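Remarks on the overall topology
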Amino acid sequence: MHGRLKVRSSAEEAARKRKEQELKAQKFRSGMGRILLKKVSDELDDEMMELTGRILAANPDIATLWNLRRRCIQKFALEDTDNQALFDKDLNFTEMCLQVNPKSYCAWHHRCWILENGPSPNWLKEVDLCTKYLKLDERNFHCWDYRRYVVGKANVPPQKELDFCTEKIQKNFSNYSSWHYRSKLLPALYPNVKDPSLPISEEKLREELELVLTAAFTDPSDSSAWFYQRWLLGYSQPELDLAAFRLDTEHRVAVVTFTRPVNLKLKNVRLSIDFTTEIDQNSDWTPATDDNYCVTWTLRNFEIKLSDQPSAIVSFVDENGKTFTLQAKKISICSILGINKPKFGHEFGAAVLDVLKNQLDSCQQLLEYEPESKWTLLTAALLMKAIDRSAHHSEILEYLDKLQTVDPMRKGYYRDLKSRWNIEHRLEAWFDQVESDGKVDLSGLKLERLCYEQYLAVADEIDLSVNQLSESSFCKFAHFVFCKRLSLENCFENGEKAESVVKQLCCGLKDVTVAV
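Here the structure is a predicted model, which means the values were calculated and not measured. (Residues numbered from 1 in each chain as written. Predicted model: local features only at pLDDT ≥ 70, side-chain atom pairs only at ≥ 80, totals over all residues. Heavy atoms only, no water.)

1. Here's the deal with the pattern of salt bridges
Our working rule: Whenever Lys or Arg places a side-chain nitrogen within 4 Å of a carboxyl oxygen from Asp or Glu, that contact is recorded as a salt bridge. The helix count covers DSSP runs of H or I at least four residues long, the strand count covers runs of E at least two residues long, and both are numbered beginning at the N terminus. Each residue's exposure class comes from its accessible area (1.4 Å probe, protein chains only) as a fraction of the maximum for that residue type: buried when under 20%, exposed when over 50%, partly exposed otherwise.
All chains considered together, the criterion is met by 29 salt bridges. Put simply, Glu 47 and Arg 34 hold a salt bridge, and the shortest N to O gap is 3.1 Å. Taken together, the residues Glu 47 in helix α2 (residues 46-58) and Arg 34 in helix α1 (residues 10-40) connect sequence positions 13 residues apart. Judged by relative accessible area, which is 35%, Arg 34 ranks as partly exposed. Measuring nitrogen to oxygen at the nearest pair gives 3.0 Å for the salt bridge that ties Glu 424 to Lys 385. With Glu 424 in helix α15 (residues 411-431) and Lys 385 in helix α13 (residues 374-388), this residue pair connects regions lying 39 residues apart in the sequence. Overall, the relative accessible area of 5% leaves Glu 424 in the buried class.

2. Let's talk about the packing of helix α4 (residues 84-100) against helix α5 (residues 105-117)
Formally: Between N-to-C directions, angles span 0 to 180 degrees; the directions come from axes that are lines fitted to C-alpha atoms, helices contributing only their stretch in contact. Oblique is the label for any angle not covered by the other classes, which are roughly parallel (under 35 degrees), roughly antiparallel (over 145) and roughly perpendicular (65 to 115). Crossings are assigned a handedness: left-handed for a near helix turned anticlockwise from the far helix by less than a right angle, right-handed for a clockwise turn. The contact criterion used is simple: two residues touch if any of their non-hydrogen atoms lie within 4.5 Å. Charged residues are taken to be Asp, Glu, Lys and Arg, nonpolar residues to be Ala, Val, Leu, Ile, Met, Phe, Trp, Tyr, Cys and Pro, and polar residues to be all remaining types, Gly included.
Look at α4 against α5: their axes get within 10 Å of each other, and the N-to-C directions meet at 165°. With respect to α5, the element α4 is oriented roughly antiparallel. Helix-helix and strand crossings are classified by hand; for α4 and α5 the assignment is left-handed. Seen from α4, the contacting residues are Phe 87, Asp 90, Leu 91, Thr 94, Glu 95 and Leu 98; seen from α5, they are Ala 107, Trp 108, His 110, Arg 111, Trp 113, Ile 114, Leu 115 and Asn 117. The residue makeup of the contact of α4 with α5, split by class, is eight nonpolar, three polar and three charged.

3. A look at the packing of helix α3 (residues 63-79) against α5
With their axes 10 Å apart at the nearest point, α3 and α5 run at an angle of 15° to one another. Taken together, α3 and α5 sit at an angle that is classed as roughly parallel. Remark: the crossing between α3 and α5 carries right-handed chirality. Touching Ala 63, Trp 66, Arg 69, Arg 70, Ile 73 and Gln 74 of α3 are Cys 106, Ala 107, His 109, His 110, Trp 113 and Ile 114, all from α5. Classifying every residue of the contact of α3 with α5 gives seven nonpolar, three polar and two charged.

Keep in mind that these numbers describe shape and distance, not what the molecule does.
See the structure below:
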């Protein structure tokens, strides 16, 4: 029996761990109690540094203790002008804490503070430190974020960082942070001079599409490369711009809408129309909803006559001083209308389209072997939309329907995507005839939610019949400023409730008719 390792029973092991935890908790409470007493009496001394250091070395995620250390360091720095060693010591301490928890927000933040406030920060050394940590964990997004920060301070060339990203991606395609960093570097290195709406030049875009296809097909179940491809194809948040404008002097109603929510009440923003000065005051405009930031703003009960000029320029200056314009045409003696037609995606050149078509063929070939690969199905739909959304519209909807079966956990997302793309398809047809036909037909699309309300705001009639709208869509009706007739037949289970709510929310003309 001698010499054998004694194996503790589960009860003994649990008791031992409980005793260790109680001892740690006792030390923690004792240390925190002493720290708080010293904090009250403002004793920012060596003992405070020692006490906070003991606790942070075991748990570096207590922000209060890091704040106390910063106060101590500020005090010591005032007492000693040659204080580089003081900052270096705490820099070394944060590195020790990061070994305990490499994803500690507090420790990374404190390291930034030390470098910003120290007399002689070594930024290149920090870049090397990031390289070291990313070798240990190449997907540590805290370290990637810190790297972007110190690279800017150290003036590291963007091309060198792009090469670093490429190296990391080639070692492991499943690296979200590296793909993201790549999307920040490429527009600066390879801007699209011909079309600023595209993130990068078409030549570089072709190279990136080939890279991402290799990554995606190496592991079709990994989502990182697929998400990067969405960025390449332009599926991201729309940039701020004027969306639509309409003014009717007979009913004394005007509406201006934006692609993203804005606040016209801010002092440093400006909205103006070139044919008049009477309605140029931002204070006269009110949001369609109760939010300070809104995509739809209305003006009512003004007195003005339209000039004889056939068109007017609507100008908007945002918080940063950037100017956006929209041309509105005179469509009657009392009304003008203008829409900045959205592209609903990038328009690619012939060379890029050839690459996209080849990638679509590859996706469809992969689906023959893996028909339930959700990322391949979704990417195929995105590629078809990028190549020719009108020609492939029916097939795209089929893929989205199949995704709801293959990936039921995200069924709501695919339904939302289907609703959005159906609305885009109908709106594109309406934009071509908006000046002569104010009716938007969105009927029979099985819509579950509404979007692009900033364009519906200028429509005279909106047909939403035979859809499946939820009550959460009611709030969108507040944007239908010029709507005279809103058709909601076979849209809601409770038609009477829908009619009552819609009439309250619909802030358009008083003679609006709601059909349910």
